[in-house]
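# Tertiary structure, described
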Amino acid sequence: MTAQLTPPGPAAVPEAMLPRPFRVLSKTHETDDTVTLELASDDAAPLEFSPGQFTMLYCFGIGEVPISISGDPHHPATLTHTVRAVGAVTEAIARLQAGDYVGIRGPYGSGWPVDRAQGRDLVLVGGGIGLAPLRPAVLDVLRRREEFGSVSLVYGARTPADLLYADELHSWRSRFDFQVEVTVDRSEGGWLGDVGVVTGLLPRVDHDPAGTVAMLCGPEIMMKVVATQLVNRGVTGSDIYLSLERNMKCAIGLCGHCQFGPDFVCWAGPVLPFERVEARLRVPEL
Amino acid sequence: MNLESLRRDSELLRSLDEAQVAFLESVSEETNVVAGETLFEEGGQADRFYVVSVGKVALEMTSPGRAPMVIQTLGPGELVGVSWLFPPHRWNWRARAVVDTKLARFDAAEVRRRCEEDAGLRSALLAVVAEEVVGRLHRARIQLLDLYRSGS
């Protein structure tokens, strides 16, 4: 007697793992290696998100990467991503043109605790591409500026040519209710702004340390140094939030690729309080 | 020069007592430089130092055939020049105003002379300048890491 072999049916795909097709509406070159894409789904369903959240962006046939949302949370009909071309997938994303399609899963992860800063001073510190995940928080706060105390942004980039959102930075700097300090690591002339690391600008920021919420995004060493300096200035570790980046795959807290000590960054993070991760930021094995 | 208003922003001046600030006032004068003007040149005699009141100063290294390389800019309240306190009293960098800048200029030779007689002033200045130098060293080390480099 022989067993009857039947082909298996299609595997059930959890909805959270199913990308939605989004069309590229426009592409803006921010720097030599960084583009901002505006995307929309064909069904025009808005993708509601909180500042600081990310999506899994799938470039068909190439791969999928986690990218923080950099657009305005009050305009969810358009999904905005700023992507730096540093690997096969992000290079392919950077080559996309208007009309091309990508797959989107999400949004995922914890966002910036913007409401926690209501009635208090808010200090945002970004480094390099790290300004992109902070941009939705900036746009949200500026839309309801009166709900916050002093609001400041300190932004550092490698060179003047590497500054993201240059026009927007100029616009933000022109406001009387928003302190914006910008610095670059190196300059060889023509730049009238500051040169040096972001920590050098923190003493200029007008805020009450005891009543401050800080949000940091950039290279982890930068965030660690900035957070430590903020603590030294009197900001509480539990009021300092960092956006961490790890090798996310499933983005729903299952696969463990993004494990960082006891946390899956895609699920518990990417935004986590400094107090919770401070010790881990000194462990090379993590 | 009256240093009272500058004292609020300046770590150097805040760390000194009233008598010490009064002495520094007696050896200081207000100076204004226009954008692009040089405050001191690399290799020159470090016979003065400055605290920025308004504006911005770049510390830069020059090299034939290329634009000056700026390592750091200094803004209001910040000390411009530390080489005046340590032999051989020669500047290691060039200091140039990035924008029109107002500063307090101090006679370093007079300050050094007073330090020989006044151990308290010497100790206070060494402490605050050392702290400033440690801070700049820390920031320079972070700059060396080139954290924003693509792929880092």
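The following refers to the structure shown. Only a predicted model underlies this, so the values are computations on that prediction, with no experimental measurement involved.

### Remarks on the overall build of chain B
Counting its secondary structure elements, chain B contains 5 helices and 8 strands. Its C-alpha atoms give chain B a radius of gyration of 16 Å, near enough to 15 Å, the size a compact globule of 152 residues would have. Taking the principal axes of the C-alpha coordinates as reference, chain B spans close to 50 × 30 × 30 Å. Put simply, 75% of the contacts in chain B that link residues at least 6 apart link residues at least 24 apart.

### Description of the sheet that holds strand β4 (residues 63-68) of chain A
All names here are of chain A. The strand order across the open sheet formed by 6 strands is β4-β3-β6-β1-β2-β5, and the pairing between neighbours is antiparallel. Since the sheet does not close on itself, it has two edges, and those belong to β4 and β5 (79-84), each with one partner. Taking the axes of each pair of neighbouring strands and ignoring which way they run, one obtains an average angle of 40 degrees across the sheet. In this fold helix α1 (residues 88-95) packs onto β2 (34-41), β3 (54-59), β4 and β5, with an angle of close to 75 degrees to the strand it touches most, β4.

### Re the interface of chain B and chain A
Contacts between chain B and chain A engage 21 residues on the former and 23 residues on the latter. Mapped onto the side of chain B that touches chain A, the elements with two or more residues apiece are β5 (66-74) and α5 (119-145) of chain B. For the side of chain B that touches chain A, the element with the most residues is β5(B), which contributes 7 residues.

### Considerations on the environment of A:W267
Residues and elements named next belong to chain A. Within the fold, W267 resides in helix α5 (residues 265-268). For W267, a count of 17 C-beta atoms within 10 Å puts it in the partly exposed group. Note: C-alpha distance between W267 and R84 (183 residues apart in sequence) is 23 Å.

### Topic: the sheet that holds strand β1 (residues 28-33) of chain B
Residue and element names in this part refer to chain B. Taken in spatial order, the 4 strands make up an open sheet running β1-β8-β3-β6, and their pairing is antiparallel. The open sheet has two edge strands, β1 and β6 (79-80), and neither has a second partner. Two strands pair when backbone bridges link them, and strand β3 (residues 48-54) and β6 are joined in this way by 2 bridges, in the antiparallel orientation. The residue bridging V51 from the neighbouring strand is L79, located in β6. In the packing of helix α4 (residues 108-117) onto the sheet, the strands contacted are β3 and β8 (101-107), and the crossing angle to β8 comes to about 40 degrees.

### With respect to the nonpolar core
In terms of nonpolar packing, the biggest core is built from 111 residues, with A:L124, A:A214, A:L216, A:V226, B:V51, B:V57 and B:V80 touching the most fellow members. Look past the residues within four positions of B:V80 in its chain and what remains in contact with it is B:L39, B:F49, B:Y50, B:V52, B:V57, B:L74, B:A95 and B:L103.

### Topic: the environment of A:I104
Residues and elements named next belong to chain A. Note on placement: I104 falls in strand β6 (residues 101-108). Taking the C-alpha atoms as reference, I104 lies 9.7 Å from L39; in sequence the two are 65 residues apart. Ignoring sequence-local partners within four residues, the contact set of I104 consists of P19, R20, F22, T55, L57 and L79.

Here is what the cut-offs are and how they apply
- Residues numbered from 1 in each chain as written.
- Chains lettered and ligands numbered in written order.
- Predicted model: local features only at pLDDT ≥ 70, side-chain atom pairs only at ≥ 80, totals over all residues.
- Helix = DSSP H or I, 4+ residues; strand = E, 2+ residues; numbered from the N terminus.
- Rg over C-alpha atoms; globule rule 2.2 N^0.38 Å.
- Contact = placed C-beta atoms within 7 Å.
- Pairing = 2+ DSSP bridges.
- Axes fitted to C-alpha atoms, helices over the stretch in contact; angles between N-to-C directions.
- Buried ≥ 20, exposed ≤ 12 C-beta atoms within 10 Å, placed from the backbone.
- Core = buried A, V, L, I, M, F, W, Y, C linked by C-beta atoms within 7 Å.

The quantities given are spatial measurements derived from coordinates; they are silent on function.
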